[in-house]
Amino acid sequence: MSKFFATMDKIKHAYDWTDRIVMIACKLLLIADILITSYAVAGRMFNQYIPFLKDPAWSEEVVLTCMSYMAVLSAALAIRRCSHIRMTAFDKYLPKRVIKFLDILSDIAVLSLGLIMLFVGWRYATTIGSRGTYVSMPWLSRFWMYFPVPLAGFAMIIFELESLYNHLKSFFVKEEEKA
């Protein structure tokens, strides 16, 4: 069984690669959000002093779309880092194997949520989203407003598969064998 886990550990770089891509996307979205918001605020405040500086009509919709991407993608990143809020107050009273089992059960539930986000979110993005447009940008489909949900679902699935694998591995590989 340890040979199986040693072989599977070789794909860890794919999880790291996905993590880096999602993190870079979140950073770029945050930078775009800050720049657009700063420009919009400056356009509202200083329009009377600097006439060429105007608040673009599309700024609010783009900022909200960027925020929705960041919110769901950062939630997927939290899965990878095991930093979601979790009730641990009673962990010291439970046997370690029960805690591992509960972690696996939690992984399965979150994996199910990721699958629902991927498939149902994609359906919404391609049906409801593709029918509408942004108010200030009628040439741009609202698909991009709904797309963060299936995108985050995909990232959640990848990170949950890694988490599930690590929790299952902890049942079969002893601590001293891991190092």
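Residues numbered from 1 in each chain as written. Predicted model: local features only at pLDDT ≥ 70, side-chain atom pairs only at ≥ 80, totals over all residues. Heavy atoms only, no water.

### Some points on unusual backbone geometry
Counted only if it meets this: Elements are defined by DSSP. Helices are runs of H or I of four residues or more, strands are runs of E of two residues or more, and each kind is numbered from the N terminus.
Here the phi dihedral of cysteine 82 falls at roughly 55°; this positive angle occurs in a residue that is not glycine. Note that cysteine 82 resides in the loop between α3 (59-80) and α4 (96-131).

### Considerations on helix α2 (residues 12-45)
Just so we agree on the cut-off: Helix span is expected to be 1.5 Å times the residue number reduced by one. Each residue gets one of three labels from its accessible area relative to the maximum for its type: buried under 20%, exposed over 50%, partly exposed in between, using a 1.4 Å probe on protein chains only.
Between its terminal C-alpha atoms α2 stretches 49 Å, which fits the 50 Å expected from 34 residues at 1.5 Å a residue. Turning to α2, its buried residues are Tyr15, Thr18, Asp19, Val22, Cys26, Leu29, Asp33, Ile36, Ala40, Ala42 and Gly43.

### Here's the deal with the UniProt feature "transmembrane region" (unreviewed entry) in the chain
Convention followed: UniProt positions are given in the numbering used here, feature names are shortened, and annotations may be inferred rather than shown by experiment.
When the UniProt feature table is mapped onto this chain, "transmembrane region" (unreviewed entry) is found at residues 21-42, 62-80, 101-123 and 143-161. End C-alpha to end C-alpha, residues 143-161 measures 27 Å, and it is 95% helix and 0% strand.

### Describing α3
Between the first and last C-alpha of α3 there are 32 Å, a value that for 22 residues agrees with the 32 Å anticipated at 1.5 Å per step. Following α3 by one or two positions, cysteine 82 has its phi on the positive side, about 55°.

### Here's the deal with the pattern of salt bridges
What counts is decided by this rule: Salt bridges, as used here, are contacts in which a Lys or Arg side-chain nitrogen is within 4 Å of a carboxyl oxygen on Asp or Glu.
This structure, assessed with the given rule, holds 8 salt bridges. Across the salt bridge formed by arginine 80 and aspartate 19, the nearest N and O atoms sit 3.9 Å from each other. Of this pair, arginine 80 sits in helix α3 while aspartate 19 sits in helix α2, and the two are 61 residues apart along the sequence. Grouping residues by exposure puts arginine 80 and aspartate 19 together as buried. We note a salt bridge from arginine 142 to glutamate 61, for which the minimum N-O separation is 3.7 Å. Taken as a pair, arginine 142 in the loop between α4 and α5 (143-146) and glutamate 61 in helix α3 lie far apart in primary sequence, 81 residues in all. A relative accessible area of 14% places glutamate 61 in the buried class. A single salt-bridge network, built from bridges that share partners, covers Lys12, Asp16, Asp19, Arg80, Arg81 and Glu162.

### Focus on the packing of aromatic side chains
Working definition: an aromatic ring pair is given by the centre-to-centre distance plus the angle between the planes. Here is the rule: A pair of Phe, Tyr and Trp rings is counted when the ring centres sit within 6.5 Å of each other, with Trp represented by its six-membered ring. The angle between the planes then sorts it: under 30 degrees is stacked, over 60 is edge-to-face, the rest tilted. Whether a charge sits over a ring depends on NZ of Lys or CZ of Arg being within 6 Å of the ring centre and within 35 degrees of the ring normal.
In the structure shown here, the tally under the stated rule is 8 aromatic pairs. Between the aromatic rings of tryptophan 122 and phenylalanine 147, the centroid separation amounts to 6.2 Å while the plane-to-plane angle is 70°, which identifies the pairing as edge-to-face. Of the two residues, tryptophan 122 sits in helix α4 while phenylalanine 147 sits in the loop between α5 and α6 (148-172), which places them 25 residues apart along the sequence. Summarising the aromatic geometry, the rings of tryptophan 144 and phenylalanine 147 are spaced 5.8 Å apart at their centres and angled 75° between planes, so their arrangement reads as edge-to-face. The class for tryptophan 144 is partly exposed, based on a relative accessible area of 41%. In textbook terms, an aromatic cluster arises when at least three aromatic residues are bridged by ring pairs, as seen for Phe4, Phe5, Tyr165 and Phe172. Between lysine 100 and the ring centre of phenylalanine 171, over which it is positioned, the NZ or CZ distance is 5.9 Å. The aromatic ring of tyrosine 134 is capped on one face by arginine 142, whose charged end is 5.4 Å from the ring centroid.

### A look at the nonpolar core
Short version of the rule: Throughout this description, the term nonpolar core refers to a set of buried Ala, Val, Leu, Ile, Met, Phe, Trp, Tyr and Cys residues connected via side-chain atoms within 4.5 Å. Contacts were defined at the residue level, with two residues in contact if any of their heavy atoms lie within 4.5 Å.
Ranked by internal contacts, the top residues of the largest apolar core, which has 25 residues, are Val22, Leu29, Leu73 and Phe159. Contributing elements (two or more residues each) for this core: α2, α3, α4 and α6. No other element matches the 9 residues that α3 contributes to this core. Sequence-distant contacts of phenylalanine 159, defined by excluding residues within four places in its chain, comprise Tyr15, Thr18, Asp19, Ala76, Leu77, Ile79 and Arg80.

### Re the environment of alanine 152
Looking at the element boundaries, alanine 152 is found in helix α6. Setting aside its immediate chain neighbours within four residues, alanine 152 contacts Val72, Leu73, Ala76 and Met117.

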